[in-house]
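# A structural walkthrough
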Amino acid sequence: SQYKVAVVGATGAVGTVMLAKLKERGFPASEIVPFASERSAGKELEGFGTIRALTDENIQGFDLALFSAGGATSLEWAPKFVEAGAVVVDNSSAFRRDPEIPLVVSEVNPEALDDHKGLIANPNCSTMQLMVALKPIHDAVGIDRLNVSTYQSVSGTGVKAVKELEDQTRAALNGDPLPDPAVYPHHIAFNVLGGAGNFPEGDDHTDEERKMMFETRKILGDESIKIAVTCARVPVRSAHSESVTLETREDLSVEAARELLAGQPGLILVDDPSTHSYPTALDSAGRDEVFVGRLRRDPTHERGLQLWVVSDNLLKGAATNAVQIAEVLHQRSLVRVSTPA
Ligand code: A2P
């Protein structure tokens, strides 16, 4: 089959990469149509034709739609695409908590796609890479408790955040006064922000931290996993890094854990202390895989393990996984919206 595919948010940080990945991976599309806001409608997007605005008329006739245009746009337009007959893979957080909507990491829980009702949620970027690393361990011995600190790049916040980091860095190096922060609550250049995301009213955790706590349990299908998270923003362009400490339910040697990780699709081990080999953000940027290193015993707990997990937040963390979901839907003949019985 050949599908007519819409990419909504086609001019954004993630949408641009969705378009590129659809082409690069040879997704069987007869046509790929870019959508963005009224500001961009009518402009030409090289290789993809004229950008369309979201109107009831423009959204007819699609088989698939990949969304990354913010939660409000998804809430309004994703159901309309479904109504018009398209299967939607949505990168926003708008639908992730809905128990009726599958939240899918392509190599981790593809079976959740089987009974989709037209809408599929793409997980949060930090959660995505964590799931690829934890899945084989959880399947083998169970994970009782997790403690994660993230070191998140600015591209996850969007194009404006990358510019903010660059402008502040340039000013700092020139000895000029730093421009006031606009995207983040503090300066990001030469800094580390210990609370990535926003604090919902009355909450001592950020929304970003809550996403990892909720989505981990939904994707692994285990509400009993205990999770503590701190999400930090660091002055890195692309790729999120994570320090992970976990306690397994059953015994697992470091060597057995290493074998489990080595057998996980989409994961590459980079782990040799003797040569300072462990994944870095710069090495992982531009790659589709999740990279894991620093695997070792947590000396404070007999079933404790520690690892370092790095992946490009715009790729596996967003665009690549959305396209991989589309690929699984195609392979399993699930590119259709089931009519309720
Ligand atoms: P536009 O470039 O026309 O504003 P990012 O995550 O990098 O900030 O990108 C957000 C993406 O979502 C852009 O492609 C942006 O298009 C698009 N977008 C923002 N608001 C809307 C809207 N109301 N309708 C459609 N697309 C939107």
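Structure first, text after, so check above.
What you see is a predicted model; the values in this text were computed from it and never measured. (Residues numbered from 1 in each chain as written. Predicted model: local features only at pLDDT ≥ 70, side-chain atom pairs only at ≥ 80, totals over all residues. Heavy atoms only, no water.)

### A closer look at the nonpolar core
Counting residues in each nonpolar core, the largest one holds 55 residues, and the members touching the most others are Phe35, Phe81, Leu146, Val244 and Leu246. Both of domain 1 (3–123 + 319–331) and domain 2 (127–313) provide at least three residues apiece to this core. The residues contacting Phe81, other than those within four sequence positions of it, are Ala6, Val8, Phe35, Leu54, Ile59, Phe62, Ala65, Phe67, Ala86 and Val88. (Core = buried A, V, L, I, M, F, W, Y, C linked by side-chain atoms within 4.5 Å. Buried < 20%, exposed > 50% of the residue type's maximum accessible area, 1.4 Å probe, protein only. Domains from an automatic or database assignment. Contact = heavy atoms within 4.5 Å.)

### Describing the pairing of strand E12 (residues 290–297)
Regular strands show a simple pattern: their side chains alternate between the two faces of the sheet. Note that strand E11 (residues 267–269) and E12 share 3 bridges and pair parallel. Counterpart to Leu267 in the pairing with E12 is Val290. Taking the residues between adjacent antiparallel strands as the criterion, E12 and strand E13 (residues 304–311) are bridged by 6 residues. (Pairing = 2+ DSSP bridges. Helix = DSSP H or I, 4+ residues; strand = E, 2+ residues; numbered from the N terminus.)

### Observations concerning the side chain of Lys316
Counting through the fold element by element, Lys316 comes out in helix H8 (residues 315–331). Relative accessible area serves as the criterion here: at 1%, Lys316 is assigned to the buried category. Side-chain polar atoms of Lys316 contact the side chain of Glu107, separated by 2.8 Å. Aside from chain neighbours lying at most four places away, what touches Lys316 is Val105, Ser106, Glu107, Met128, Val132, Asp288, Val290, Ser311, Asn321 and Gln324. (Polar contact = N/O pair within 3.5 Å; in protein donor to acceptor, adjacent residues only side chain to side chain.)

Remember, this is a structural readout, not a statement about activity or role.
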